[in-house]
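The primary structure of each chain is shown beneath.
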Amino acid sequence: MIEKEFNQNKKQTLEKLENAKKEKLVDEGITPIIDIINSNENYYTNSSCCGRIVLLELPDLGDKKNAEFLGKWHRKIKPKDVFLALEKSSGKGQLWFLAQSPIIHVYAKNIESADKLVKIAVTSGFKNTGFKTNEKNIIIEIASTERIDAPVGLNGKLYCDKKYIFLLVDIANKVFRKSLLKLEKLKNTL
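Residues numbered from 1 in each chain as written. Predicted model: local features only at pLDDT ≥ 70, side-chain atom pairs only at ≥ 80, totals over all residues. Heavy atoms only, no water.

1. Things to note about the packing of aromatic side chains
Aromatic ring pairs are described here by two measures, namely the spacing of the ring centres and the angle between the planes. As a reminder, the rule being used: Classification of ring pairs uses Phe, Tyr and Trp, with its six-membered ring standing for Trp, and accepts pairs whose centres are within 6.5 Å; under 30 degrees between planes counts as stacked, over 60 as edge-to-face, and the remaining range as tilted. Secondary structure counts use DSSP, requiring at least four H or I residues in a row for a helix and at least two E residues in a row for a strand, with both numbered from the N terminus. Residue exposure (1.4 Å probe, protein chains only): buried if accessible area is under 20% of the type maximum, exposed if over 50%, otherwise partly exposed. Think of it as a cone above the ring: NZ of Lys or CZ of Arg counts as a charge over the ring if it is within 6 Å of the ring centre and within 35 degrees of the ring normal.
Enumeration over the complete set of coordinates arrives at three aromatic pairs. Here Phe6 and Tyr44 contribute two aromatic rings whose centre-to-centre distance is 5.2 Å and whose plane-to-plane angle is 55 degrees, an arrangement assigned as tilted. In this pair, Phe6 is assigned in helix α1 (residues 3-22) and Tyr44 in strand β1 (residues 43-49), connecting sequence segments 38 residues apart. Classification of Phe6 as buried rests on a relative accessible area of 1%. With centroids separated by 6.5 Å and ring planes inclined at 45 degrees, the aromatic side chains of Phe83 and Phe166 adopt a geometry described as tilted. Of this pair, Phe83 sits in helix α3 (residues 79-86) while Phe166 sits in helix α5 (residues 162-189), placing them 83 residues apart in sequence. Given the relative accessible area of 47%, Phe166 is considered partly exposed. Taken together, the ring pairs in this structure connect Phe6, Tyr44 and Tyr107 into an aromatic cluster. The positively charged end of Lys162 is found above the aromatic ring belonging to Phe83, 5.3 Å away from the centroid.

2. Here we look at unusual backbone geometry
In this structure, Lys24 takes a positive phi of about 60 degrees despite not being glycine. Looking at the secondary structure, you find Lys24 in the loop between α1 and α2 (31-39). Judged by its relative accessible area of 65%, Lys24 is exposed. At Asn155, a residue that is not glycine, the phi angle is positive and equals roughly 50 degrees. Relative to the helices and strands, Asn155 is located in the loop between β8 (147-154) and β9 (157-158).

3. Notes on the packing of α1 against α2
The criterion, for reference: Between N-to-C directions, angles span 0 to 180 degrees; the directions come from axes that are lines fitted to C-alpha atoms, helices contributing only their stretch in contact. When describing relative orientation, an angle under 35 degrees is termed roughly parallel and one over 145 degrees roughly antiparallel, while 65 to 115 degrees is termed roughly perpendicular and anything else oblique. Crossings are classed by handedness, with left-handed meaning an anticlockwise turn of the near helix from the far one by less than a right angle and right-handed meaning a clockwise turn. Any two residues whose heavy atoms approach within 4.5 Å at even a single point are treated as in contact. Residues are grouped as follows: nonpolar covers Ala, Val, Leu, Ile, Met, Phe, Trp, Tyr, Cys and Pro; charged covers Asp, Glu, Lys and Arg; every other residue, Gly included, is treated as polar.
Here α1 crosses α2 at 155 degrees, and the two axes come no closer than 12 Å. The angle between α1 and α2 places the two elements in the roughly antiparallel class. Seen along the crossing, α1 lies across α2 with a hand that is left-handed. Across from Lys10, Leu14, Leu17 and Lys21 in α1, the residues of α2 making contact are Thr31, Ile34, Asp35 and Asn38. Among the residues making up the contact of α1 with α2, the classes are represented as three nonpolar, two polar and three charged.

4. Let's talk about helix α4 (residues 111-123)
One turn of an α-helix holds 3.6 residues; hence residues three or four places apart share an orientation. How we decide: The span one expects for a helix is its residue count, reduced by one, times 1.5 Å. Picture the helix axis, draw a direction to every C-beta atom, and the arc is the one those directions span.
In this model, α4 (13 residues) spans 18 Å end to end at C-alpha, consistent with the 18 Å of a helix rising 1.5 Å per residue. Those residues of α4 not exposed but buried are Ser113, Ala114, Leu117, Val118, Ile120 and Ala121. Along the long axis of α4, the arc covered by the buried residues comes to 165 degrees, so they all point the same way. Exposed residues lying more than 90 degrees from the buried face of α4 are Glu112, Lys116, Lys119 and Thr123. Close packing links the buried residues of α4 with β1, β5 (103-108), β6 (130-133), β7 (138-143) and α5.

As structure tokens, then:
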């Protein structure tokens, strides 16, 4: 990507980001890091999440487009949160419990900048970090390895006992806590 085009895209992205912040659409837990990244002339972010815990209803395996979030939390949760979210089920589809670590997508001005940010992220604990290129862009994905993707029910009913939900919540909270520590390390390293 030529520098002029990179700078123009960065300006447009940051304007959209500011509007999203005003509308409270930006995950507050990730804001300090994206602000640091965006303050550097070699990078800008276009999407990010500090990690989340989710109860999801899928009409069919892999059908993200028609998925319904029954519960989505950017914080530690309690088992009762899952049971309350389950009440929102339409009764049609697979029920999945997810715990997802942080993910940050960053555009880099050049390969050297991308390589530098990847190394910083990996040393901060984000082992699934890498970048890809196409004719116009260099996109870095900062990601970690901790996650849960567990089917827990079908058609509005749990197919596991409550003890299993308690276990999943406990592990998910550990994933979230570990994610926050990695984000803090990344912020300090940046």
